[in-house]
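Structure assessment
What follows is each chain in one-letter form.
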Amino acid sequence: MRIDLTMADFKDSIVRVDDVAFAQEPVLRGDKVRKNLDANSVLETNVYPLRRSFLRLYGCLFVAYLCSATNGFDANTFGGLSAIDTFTTYFGITPNNQGLVAALYVVGNVAGCLFAGPCADRYGRRFGMAVGSVVCIVGAVMQATAHNLSTLMGGRFILGLGAVVVQTAGPTYVVEMAYPKYRGVLTGAYQTCFFLGTIVSTWLEYGLNFVPRTPQWTWRLPLAIQALPSVLVLTFVWFIPETPRWYIGQGKVGKAREVLTKYHGDGNPDSPIVALELEEMQDVIRADGSDKRWWDFRELFNSRSCRYRTFLVACIAFFGTWDLPPTSYYFPLMAKTAGITNERTQLLLNALQTPIMMAAALSGLRWQDRLGRRKLLIASSTGMSISVAIITACTAQQAGRPVVGGVGIAFVYVFLVVFAFAWTPAQSLYPTEVLAYTTRAKGLAFMNLLVNIASVFNTYVPPVAIARASWRFYIFYILWDALGAVVIYLTFVETKGKNLEEIDHIFEAEDPKKASLEAQVESRQITRPNRL
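Residues numbered from 1 in each chain as written. Predicted model: local features only at pLDDT ≥ 70, side-chain atom pairs only at ≥ 80, totals over all residues. Heavy atoms only, no water.

1. Some details on the overall build of the protein
- On a plain count of helices and strands, the protein comes out with 24 helices and zero strands.
- Expressed as a percentage of its 532 residues, the buried residues of the protein come to 60%.
- Long-range contacts, defined as pairs at least 24 residues apart, comprise 83% of the intrachain contacts of the protein with a sequence gap of at least 6.
- Carbon and sulfur atoms form 63% of the exposed surface of the protein, whose accessible area is close to 20,400 Å². (Helix = DSSP H or I, 4+ residues; strand = E, 2+ residues; numbered from the N terminus. Buried < 20%, exposed > 50% of the residue type's maximum accessible area, 1.4 Å probe, protein only. Contact = heavy atoms within 4.5 Å. Areas by Shrake-Rupley, 256 points an atom, 1.4 Å probe, with all protein chains shown as cover.)

2. Observations regarding the packing of helix α14 (residues 253-263) against helix α15 (residues 272-284)
- Viewed as axis vectors pointing N to C, α14 and α15 meet at an angle of 145°, and their least axial separation amounts to 10 Å. The handedness of the crossing between α14 and α15 comes out as right-handed. Counted together, V253, A256, R257, L260 and T261 of α14 and V274, E277, L278, M281 and Q282 of α15 form the full contact between these two elements.
- Taken together, the residues that form the contact of α14 with α15 break down as six nonpolar, two polar and two charged. (Axes fitted to C-alpha atoms, helices over the stretch in contact; angles between N-to-C directions. Left-handed = near helix turned anticlockwise from the far one by under 90°. Nonpolar A, V, L, I, M, F, W, Y, C, P; charged D, E, K, R; others polar.)

3. Remarks on the packing of aromatic side chains
- In total, this model carries 28 aromatic pairs according to the counting rule given.
- Centroid distance F87 to W219: 5.4 Å. Interplanar angle 70°. Geometry classified as edge-to-face. In this pair, F87 sits in helix α5 (residues 85-91) while W219 sits in helix α11 (residues 217-225), placing the two residues 132 residues apart along the sequence.
- Classification of F87 by relative accessible area gives buried; the value is 0%.
- Classification of W219 as buried rests on a relative accessible area of 1%.
- Taken together, the aromatic side chains of F318, F319, W322, F457, F473, F476, Y477 and W480 make up a single cluster linked through ring pairs.
- Its end group placed over the ring of Y123, R122 keeps NZ or CZ at 5.2 Å from the ring centre. (Phe/Tyr/Trp six-rings, centres within 6.5 Å; stacked < 30°, edge-to-face > 60°. Lys NZ or Arg CZ within 6 Å of the ring centre and 35° of its normal.)

4. Observations regarding the confidence of the model for the protein
- Per-chain confidence: the protein averages 81 in pLDDT, with 83% of residues scoring 70 or above.
- This stretch, residues 1-44, has a pLDDT under 50; its non-local contacts, to residues over four places away or in other chains, come to 98 contacts. (pLDDT = per-residue confidence, 0-100.)

5. A few points about helix α8 (residues 149-177)
- Given a rise of 1.5 Å per residue, 29 residues ought to cover 42 Å, and the 42 Å separating the end C-alpha atoms of α8 matches this to within 8%.
- α8 sits mainly inside the fold: 22 of its 29 residues count as buried.
- Between the side-chain oxygen at the start of α8 and the backbone nitrogen of S150 there is a gap of 3.2 Å, and the oxygen is on N148. (Expected span 1.5 Å × (residues − 1). Polar contact = N/O pair within 3.5 Å; in protein donor to acceptor, adjacent residues only side chain to side chain.)

6. Description of the pattern of salt bridges
- Taken as a whole and judged by the stated rule, the model has seven salt bridges.
- One salt bridge in this structure joins D121 and R125, with 3.0 Å as the shortest N-O distance. R125 shares its class with D121; the two are buried.
- Note that R183 and E433 form a salt bridge whose closest N and O atoms lie 2.7 Å from each other. You can see R183 sitting in helix α9 (residues 183-192) and its partner E433 sitting in helix α20 (residues 402-434), a full 250 residues away along the chain. Side by side, R183 and E433 carry an identical accessibility label, which is buried.
- Overlapping salt bridges, with partners in common, bring together D121, R125, E176 and R440 in one network. (Salt bridge = Lys/Arg side-chain N within 4 Å of Asp/Glu carboxyl O.)

Here it is as structure tokens:
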């Protein structure tokens, strides 16, 4: 799906700085900066999204997007291979150990969370992406060359270990490099690129299934291909700049100015937007912050505002993971439950879900900035709960009724579209926005830890629970998705239209959610005359 990035599409994406100059919002910051800069020249109002400096910026961001593709390759590779008899027979994979083999990737993720944040903080976002990619390549090679189950399981653990490192450094790089006006689209696109990996892996497996007698290379090749995004990241990461915020945190203001000038100021050293960004970064980012102490995770919990941020990150982790059993791993099993037993049909259904979800996620990107994060997530969680309820009802009544089973599978796709439209972009966008600079890398590592703790449950339990309880197991997800909509409504801060430094000050308010909504109302009142 192609998205045309025009100024009309983004007119609601961020509050114009020259307009905000006249606001009296007590929560948000920037008064000092606005006094020193001519408010009418701060924002380049006719910024062309395809200008040369932005094209270079998009190229840099795409290298980081490949970190998301790394995770996408594994998500569907193992799920597809588990439906191939020659693969499961060769390694002795049975319903009793399938969950454990799948979960070892998650266990590796959990172990990697301990050093993923400090690695990106101490040595830079690029370094984190490079180290994680090296580890991923080692894991992929072990899997592809495995001749016994132990080696396959070891490869999955090591692959998971490297994946969490790139999953921490990658989105941090994107949100800190993105141009403020287009941050919602550019950062949301990170998680959307997850589907680059899933599309390649699922359709490769589907095509190889047509090879007669499915020799070993037909399932070893998909295992080897998992290393592809890591190889690309490792090749190109040395040609992209470090983020200006990381440079500021290291006291390298000159380096930060150079990066901002080249990628945000279109090469103009006197660009007002560069001056504004640089001054705000210097005012907020501390040279002695906890990001300099690899062992110090206290700032995730040592104040009310920090705990509020961490709570929101935890919500994204759990509500975004326990939405439904992981269809990428267990879609063949779910299809079999619905009465679809043909192996090739199961692989085709597994392959179709990924391009559908990517199209939905790309469609939802522009709406992150138009409607805001809260509205989209509330609507999506509500739709997900309704979809799972229909899936559950169809699964309960499908015996001897193939049409009912087919409706259930159809609503699995409806669920995936509703989820991908809002939750897929938000999973990378929202946590990186609400976390402060000093805790961004460690906070994302902590979120990955929570995601993987949740994933251990969601990977290991469903095959056993579905086999024993059948459709009744889905009731948990109906209630959980509905609870997610309520929690988002009551607690989530709206980050639409605010730069990262302004968001920091929203969390200093007595009620951050209320302060963010009031700021949105005032922003609309200020900008309305300029739209007439």
